[in-house]
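Commentary on secondary and tertiary structure
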Amino acid sequence: MPRWYSYLLLPLSWLYAAVMAGRNWLYDKGLKQSVAFAEVPVLSVGNLRVGGTGKTPHVAWLVQWLLAQGQRPALLSRGYGRRTRGYRLARPTDTALTIGDEPLQQFQHFRGQVAVAVSENRVAGIRQLLREQPALTAVVLDDAYQHRRVQPAFNILLTEHQRPFYEDFVLPAGRLRESRAGAARADAVVITKCPPQLSPQEQAQITRRVRRYTRPEVPVLFSCYDYGAPVPVPGTSATGQPGPEVLLLTGIAQPEPLRQYLMGAGYLIQHHARFTDHHAFSAEEISRLAAQLRPGQCVLTTQKDAARLLEPALAASVAKLPVFYIPIEVRFLADGAVRLAALLTPYFPPHAVV
């Protein structure tokens, strides 16, 4: 929205921020219960801002790191966009409508190595996971920074390089879910979607601005995306590798980094079908997309969007479309991965692995 319009909304933002500050004060003073779990370390990944900051690939990085240490992690999410309620452990028959697109993406990505569950009530969800999965050694919470009912052992705060929390306002003037002061709960801050060649000088400048709101000892790390080769989406007609002319299909909060990568990689984007984050695609929308395709062209999308294309109701619509998804992995700049691993390792002594 225009900046002048944001300023007009500031009084409402101050009111919303005051409500959230009061809520946080009640938790900080112990007047509202926050549950810590002694059985296993609970690691939270989240943000202050509404919209995409790269949570899904960073959660995947964290889970992969735990697996590499010999741990047995589980992943717990709210399951945004699902049409079910309560606790649900992901099964091969689940879809984006039953568990949400991001949990489904993680379940498919780890292929049974990791228990993936959804629950609006994270305390109840963790307790249920511990009952069902007694060998667990860690629980990773996806998008739970404001879920104060759980007291995590380690709290990772993500913020985008292009949209850092310290330049934003609380809703509705901006996109923050709570005031910038909420960064004080973080045990590590990761600046996401950075240019791979981000200079040490700019990193130092960003670190100084972040540390106005965090505890002095909290590290500020920097990460970027590595994009992989296109992968055919199961149930579509995609084979081999796509040609240079493509249609782009996205239902994510911030598609511009992917778009920029594709153009830099030499793809010619003939049409971009852009939808809001977590959008549930309809057969009619897929048919309109198919009408845009010309011989030799294909559809490129994200892995999260591909999970929603697998809905049974869309099977007939996508079966004849050549659809590929672009995999994304997180890479930390400089020694960021080593520093984060050093912070996490004390929670997982060797004797904790069964």
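Small disclaimer: the values here were computed from a predicted structure and weren't measured.

As for the UniProt feature "binding site: ATP" (unreviewed entry) in the protein chain
Per the UniProt annotation, the sites labelled "binding site: ATP" (unreviewed entry) are Arg49, Val50, Gly51, Gly52, Thr53, Gly54, Lys55 and Thr56. By the secondary structure assignment, Arg49 is in the loop between β1 (42-47) and α3 (55-68). The residues contacting Arg49, other than those within four sequence positions of it, are Glu160, Arg163, Asp168, Arg175, Leu176, Arg177 and Gln254. Relative to the helices and strands, Gly54 is located in the loop between β1 and α3. The class of Gly54 is buried, set by a relative accessible area of 8%. Those residues within four positions of Gly54 in sequence are excluded, and the remaining contacts are Leu158, Lys193 and Tyr225.

Focus: the packing of aromatic side chains
Per the stated rule, a full pass over the model turns up eight aromatic pairs. When the ring of Phe165 is compared with that of Tyr213, the centres are 5.7 Å apart and the planes differ by 70°; the resulting orientation is edge-to-face. Residue Phe165 is found in the loop between β6 (154-160) and β7 (188-192), and its partner Tyr213 is found in the loop between α7 (200-210) and β8 (220-227); the two are separated by 48 residues along the sequence. Ring centres of Tyr225 and Tyr227 lie 6.0 Å apart, and the angle between their planes is 85°; this geometry places the pair in the edge-to-face category. Per residue, the accessibility class of Tyr225 equals that of Tyr227, and both read buried. Aromatic ring contacts, followed pair by pair, group Phe165, Tyr166 and Tyr213 into a single cluster. If you follow Arg180 out to its NZ or CZ, it ends over the ring of Phe169, 5.9 Å from the centre.

Comments concerning helix α5 (residues 101-110)
With eight of ten residues buried, α5 lies mostly within the body of the structure. Within α5 the residues assigned to the buried category are Asp101, Glu102, Pro103, Leu104, Gln105, Gln106, Phe107 and Phe110. Residues of α5 that are buried in the fold lie against α3, β2 (73-77), α4 (96-99), β4 (115-118), β5 (138-142) and α10 (303-309). Arg111 occupies a position one or two residues after α5 and carries a positive phi of about 50°.

Comments concerning the pattern of salt bridges
The tally for this structure, following the rule as stated, stands at 18 salt bridges. Residue Arg88 pairs with Asp94 through a salt bridge whose shortest N-O separation is 2.7 Å. Take Asp94: its relative accessible area is 7%, and that puts it in the buried class.

Here is what the cut-offs are and how they apply
Residues numbered from 1 in each chain as written. Predicted model: local features only at pLDDT ≥ 70, side-chain atom pairs only at ≥ 80, totals over all residues. Heavy atoms only, no water. UniProt positions renumbered as here; feature names shortened; annotations may be inferred. Helix = DSSP H or I, 4+ residues; strand = E, 2+ residues; numbered from the N terminus. Contact = heavy atoms within 4.5 Å. Buried < 20%, exposed > 50% of the residue type's maximum accessible area, 1.4 Å probe, protein only. Phe/Tyr/Trp six-rings, centres within 6.5 Å; stacked < 30°, edge-to-face > 60°. Lys NZ or Arg CZ within 6 Å of the ring centre and 35° of its normal. Salt bridge = Lys/Arg side-chain N within 4 Å of Asp/Glu carboxyl O.

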